Amino acid sequence: MNSTAAALRFDRSRFRDVLGRFCTGVAIVSAMHDGEPVGFACQSFASLSLDPPLVSYAVADTSTTGHRIERVGAFCATVLGADQSELCHGFGRSGAEKFTGVAWSPAEGTGSPQITGGLAWVDCRVETVIPAGDHRIVVGRVEHLSTPENLQDAGPLLYYRGGFLPPRPGPHAASGPTAA
């Protein structure tokens, strides 16, 4: 192992600081497990392939919700809007009753929870799970996707350096790369 790799291994705060400068969107990854909705907040959701249509997300090995979703074999990613930071905080807590008071409906393809008020929904079957350090990368094959009818005023929930950015004003607030 070279000295740069060895130094990075021990300097977690530097690693987080540098990589925290990459702005991401936020999604809730959810599924139905034993008849109950489960989910977690995720900033690593991304498009992966057009042919076949694939998406991916990373989840910590320690996430019990992540393991449940993988066992179910299906999930829906709800891309969050700028006004959904409190929802994100709720789904970011470990062990909480995350769906209490949260409006959702079954996604068209898998029946996974599609959270009301999102900017987009991507409904998937788990294609593969790849171990990656202290996380797992989950690849999903897209079965169905949708957006709400009215996106004119919607902006994304953006995560940057440990917090949320305010939405950008103007005509580009609802456009940009498709990755959350």
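Check the entry above for the structure.
Here's what I pulled together on the structure shown here. (Residues numbered from 1 in each chain as written. Predicted model: local features only at pLDDT ≥ 70, side-chain atom pairs only at ≥ 80, totals over all residues. Heavy atoms only, no water.)

**A look at the sheet that holds strand S12 (residues 163-165)**
Taken in spatial order, the 3 strands line up as S1-S11-S12 in an open sheet, and their pairing is antiparallel. Where the open sheet ends on each side, the last strands, each with one partner, are strand S1 (24-25) and S12. Note that S1 and strand S11 (residues 158-160) share 2 bridges and pair antiparallel. Residue pairing in the sheet places Thr24 in a bridge with Tyr159 of S11. (Pairing = 2+ DSSP bridges. Helix = DSSP H or I, 4+ residues; strand = E, 2+ residues; numbered from the N terminus.)

**Examining the environment of Lys98**
As for its position among the elements, Lys98 is in the loop between helix H4 (85-92) and strand S7 (104-106). Judged by its relative accessible area of 15%, Lys98 falls in the buried class. Taking the C-alpha atoms as reference points, Lys98 and Leu87, separated by 11 residues in sequence, lie 8.7 Å from one another. Apart from the residues within four sequence positions on either side, Lys98 is in contact with Gly39, Phe40, Thr65, Gly90, Phe91 and Arg93. Engagement of the side chain of Lys98 in a polar contact is seen with the backbone oxygen of Gly39, the distance being 3.2 Å. (Buried < 20%, exposed > 50% of the residue type's maximum accessible area, 1.4 Å probe, protein only. Contact = heavy atoms within 4.5 Å. Polar contact = N/O pair within 3.5 Å; in protein donor to acceptor, adjacent residues only side chain to side chain.)

**A few points about the pattern of salt bridges**
Going through the model one piece at a time under the given rule, you end up with 7 salt bridges. A salt bridge links Asp17 to Arg14; its shortest N-O distance comes to 3.7 Å. Of this pair, Asp17 and Arg14 both sit in helix H2 (residues 12-19), 3 residues apart, which is roughly one turn of the helix. Overall, the relative accessible area of 27% leaves Asp17 in the partly exposed class. Taking the relative accessible area as the measure of exposure, Arg14 reaches 47% and is therefore partly exposed. (Salt bridge = Lys/Arg side-chain N within 4 Å of Asp/Glu carboxyl O.)

**Points about the nonpolar core**
It is characteristic of soluble globular proteins that their nonpolar side chains tend to be buried jointly. Core analysis: the biggest nonpolar cluster contains 17 residues, and Val29, Phe40, Phe45, Val55, Tyr57, Ile69 and Phe75 have the highest contact counts within it. Of all the secondary structure elements, the ones that give two or more residues to this core are strand S2 (27-33), strand S3 (36-42), strand S5 (54-60), strand S6 (74-79), strand S9 (120-132) and strand S10 (135-146). Setting aside residues no more than four positions away along its own chain, Tyr57 makes contact with Val29, Phe40, Cys42, Ser44, Phe45, Ile69, Phe75, Arg136, Ile137 and Val138. Grouped together as the second largest cluster of nonpolar side chains are 10 residues, Cys88, Phe91, Phe99 and Leu157 included. (Core = buried A, V, L, I, M, F, W, Y, C linked by side-chain atoms within 4.5 Å.)

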